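Read off the chains here:
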Amino acid sequence: MDNYPDFKFTQSQAVLYDFMKKHYPDIFERVKEKVKNGQWEIVGNAWVEADTNIASGESLIRQLLYGREFFMKEFGVSSDIYWLPDCFGFTWALPQIIKRSGMKYFMTSKLFYNDTNEFPHSVFRWRSHSGDEILAYLCKKPYQSEFDAEYVTGLRKNNRQNGLVDVSCGMFGYGDGGGGCTFKQVETGRRLEKLPGIPKTRNGKVAEFFHSIDKDFDMLPVWDGELYYENHRGTFTSQAFIKKNNRRGEYMMRNAEILNLIGGDYPAEDMEKAWKILLINQFHDILPGTSIHEAMENTRKEYGELRELGGSLVRMGKDKILNGVKVKNDSVIVWNMLNWETKGIVKAEIPYNAKGIKNSDGKLLTSKTYEEDGKVYIEFIADPVPAFGYGVFTLCDETAESDNVKVTKNLLENKYLKVVIDDNGLLDAVYDKSTGRQILTDKGNLLTISHDKPIHESAWNLEFDYQMKFWELRDAQSIEVVEESPLRGVIRVVRKFNKSTITQDIILEKDKPTVDFDTTVDWYEREKVLKAAFPVDIRSRNASCEIAHGAAEYPTHYNTCYDQAKFEFCAHKWADLSEGGYGASIINDCKYGYNVHDNVMKITLMRGPIVPDPKGDLGVNTFRYSFYPHKGTWRDADTVKLGFQENVRLEGEFAGASGGDSTGHSYAHIDGESVILDALKPAQDGRGVIVRMYEAETRHCTVSASFDLDYSKVVECNLMECDEAEIPCENGTFTFSMKPHEVKTFRLI
């Protein structure tokens, strides 16, 4: 830069600048000089260039919140450009996040590497599931390259919008693996500026490129949907421990913030430290599971730190709230961190063998008490548990009379479902007792291990031909009934394949309309993929699934090469196949890979890639998924809520009699059936409290909200907590409208 004053350099990722500040402060000061004189361009605003398929919507917001805060503090700049040259597909939620974060533009080159179809646009308007649009650019040349005539002419030739915009943008240098550009590349670029016969070039800033094409925004083609990357489909599943820790970490941090905000004396420094551990491990070669073994071991260590720190923050918040909770008799406090009233089985350690438990209305609840490892526990169906707060359930000397859930080696039955199981532990039939409908067309929960040996980059790629060679795990090593109680029936099935053992507890709870599969896989397979299949009596050309801040659809057919290329898709907590009036969902607690073809729904459970980490996922892995037949579509059947309830579970703890009369409490009241309360936190600038909600079921709705906090004024903000407009608030209640999949942020003052 000193030798070439006209040279411009672009760099993203606030965490790298933070590393430089801590470890090389002298160089960091030089970087500041170059940013100030205009040679060094900061882009992206994010803490890291994160994977956007797997990360939650709130995580993607926090990437920008913490990154932008760092750049503003250290450099006084904020970029308009969301910069992700190398990432394995881009969620449909991203345009809304970008726009509502005060940014305008999106830049990538990754879809240039599609394995089946060329993406049809270079410069386009990208529309999110909420309807928000931004200006997007797909560079149709590699994101690391020489600055030479071939590259420059290729950029011009490959730009599909040459007839609308008369400029293209490329990147030169050794960007994948580090190193930057060379003197030779800069010198070559200088000479190309004077070379006739090729497109006119200059070394400039990315912002200059976007500003030059912004004027043509209204004329550009619209892409309404995710930017699905037709490649690297294995990243939805590789390194299962990372997917599990990410999911757990996202909800742990959400709950930690909420509990400590309500409890008071907010530990801001520790909270930010924990968030940044989570965020750095969403980098697009960590969260997808495509890093070398040494990096994976470092990630494993950092997740341990996150669990310890985040867990202590959750405990701290609960303790502060419990200091003000006084109960008349020995009780179990049940925490519900979701914004709707719910019920479910809760387990709590208690100091003595109580016979039963009652709710706040005095109703005796179904329960069981037992000893385990020298400790006494009670399990019971907590019903009801107040929304977004806690319920108080009183221990007593009475036991509720309740029939056991019906269970034999070949049957599970409750008031919702009758599940028929064959002699090898496969589902023969699942009857919905409310309709009499039998949903399966063949064996359900059929585990299949397929040959998974892509041409290259095995951690990245799951290729279509994995379906050509497979082994169906139809035979069971053992089947036994392990629980028959008023709470649940449980059948344990053990299967073996090669060196691996798969143990599944098939569970039917008394008051739950799902069949649950609590799974432990002792996994020693390489270059194989494990899936569970449910063939259902449903006719639909499209399957639905949860993504960040909403839902998306995927074809169940292979009519075109574009349809077939999406043979594996990324979903968060659920995927669903519904026809008019009926459907089925698969819900999970830490998985992301699915495929639905014709009427067969499959969830991808494990992979065994050998590059770049030959030891990935070896050993014991635990997870849980559920099969949910239902009336109506996923929107009618509360699939969204069941997905949240599987991942943000009710938690119980003993509280001794303390002379009070507390019966439970809700800290939020949100009148909006399809609205999810995603964040409640102190404002970054210290001015009040930030509340964030989103609409989850593709509905227009009017929402009324109030919080048990001290405020008298409500201001709508963007995602970066910049004030936009005050909205009416009366006695703590404020009302607003939401569009399908819209995210709303408010400041309570």
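Structure's up top.
Residues numbered from 1 in each chain as written. Predicted model: local features only at pLDDT ≥ 70, side-chain atom pairs only at ≥ 80, totals over all residues. Heavy atoms only, no water.

K.L.:
Now, about the packing of aromatic side chains: what can you tell me, with residues and values included?
P.N.:
Tallying each qualifying case throughout the model produces 43 aromatic pairs. Centre to centre, the rings of Phe-28 and Phe-75 are 5.5 Å apart; their planes meet at 65°, and the pair counts as edge-to-face. Separated by 47 residues along the polypeptide, Phe-28 in helix α2 (residues 25–37) and Phe-75 in helix α3 (residues 57–75) bring together distant segments of the chain. Phe-75 matches Phe-28 in its accessibility class, with the two residues each being buried. Between the aromatic rings of Phe-534 and Tyr-625, the centroid separation amounts to 6.5 Å while the plane-to-plane angle is 80°, which identifies the pairing as edge-to-face. Of the two residues, Phe-534 is situated in strand β25 (residues 528–535) and Tyr-625 in strand β33 (residues 619–631); the sequence distance between them amounts to 91 residues. A single burial state applies to Phe-534 and to Tyr-625, both of which are buried. Grouped by ring-pair contacts, the aromatic residues Phe-9, Tyr-17, Phe-28, Trp-40, Trp-47, Phe-70, Phe-71 and Phe-75 constitute a single cluster. We note Lys-347 situated over the ring of Tyr-377; from NZ or CZ to the ring centre the distance is 4.7 Å. Of note, Lys-368 hangs over the ring of Tyr-370, and the distance from its end group to the ring centre comes to 5.3 Å. (Phe/Tyr/Trp six-rings, centres within 6.5 Å; stacked < 30°, edge-to-face > 60°. Helix = DSSP H or I, 4+ residues; strand = E, 2+ residues; numbered from the N terminus. Buried < 20%, exposed > 50% of the residue type's maximum accessible area, 1.4 Å probe, protein only. Lys NZ or Arg CZ within 6 Å of the ring centre and 35° of its normal.)

K.L.:
So what about the sheet that holds strand β9 (residues 342–350)? Which residues, and what values?
P.N.:
The three strands lie next to each other as β9-β12-β11, forming an open sheet whose pairing is antiparallel. Strands at the two margins of the open sheet, each flanked by one partner only, are β9 and β11 (367–372). Adjacent strand axes in the sheet meet at a mean angle of 25°, parallel and antiparallel pairs treated alike. Summarising the sheet, β9 and strand β12 (residues 375–385) pair through eight bridges and their orientation is antiparallel. The partner of Glu-349 across the bridge, within β12, is Tyr-377. (Pairing = 2+ DSSP bridges. Axes fitted to C-alpha atoms, helices over the stretch in contact; angles between N-to-C directions.)

K.L.:
Account for the pattern of salt bridges, with residues named and values stated.
P.N.:
Tallied over the entire structure, the rule returns 63 salt bridges. Taking the shortest distance from any N to any O, the salt bridge between Glu-74 and Lys-32 comes out at 3.3 Å. Residue Glu-74 is found in helix α3, and its partner Lys-32 is found in helix α2; the two are separated by 42 residues along the sequence. With a closest N to O distance of 3.0 Å, Lys-443 and Asp-422 form a salt bridge. One end of the pair, Lys-443, is in the loop between β18 (437–438) and β19 (446–451); the other, Asp-422, is in the loop between β16 (417–421) and β17 (427–432), with 21 residues separating them in the sequence. Connected via shared salt-bridge partners are Arg-248, Glu-509, Lys-512, Asp-516, Asp-518, Asp-589, Arg-624, Glu-646 and Arg-649. (Salt bridge = Lys/Arg side-chain N within 4 Å of Asp/Glu carboxyl O.)

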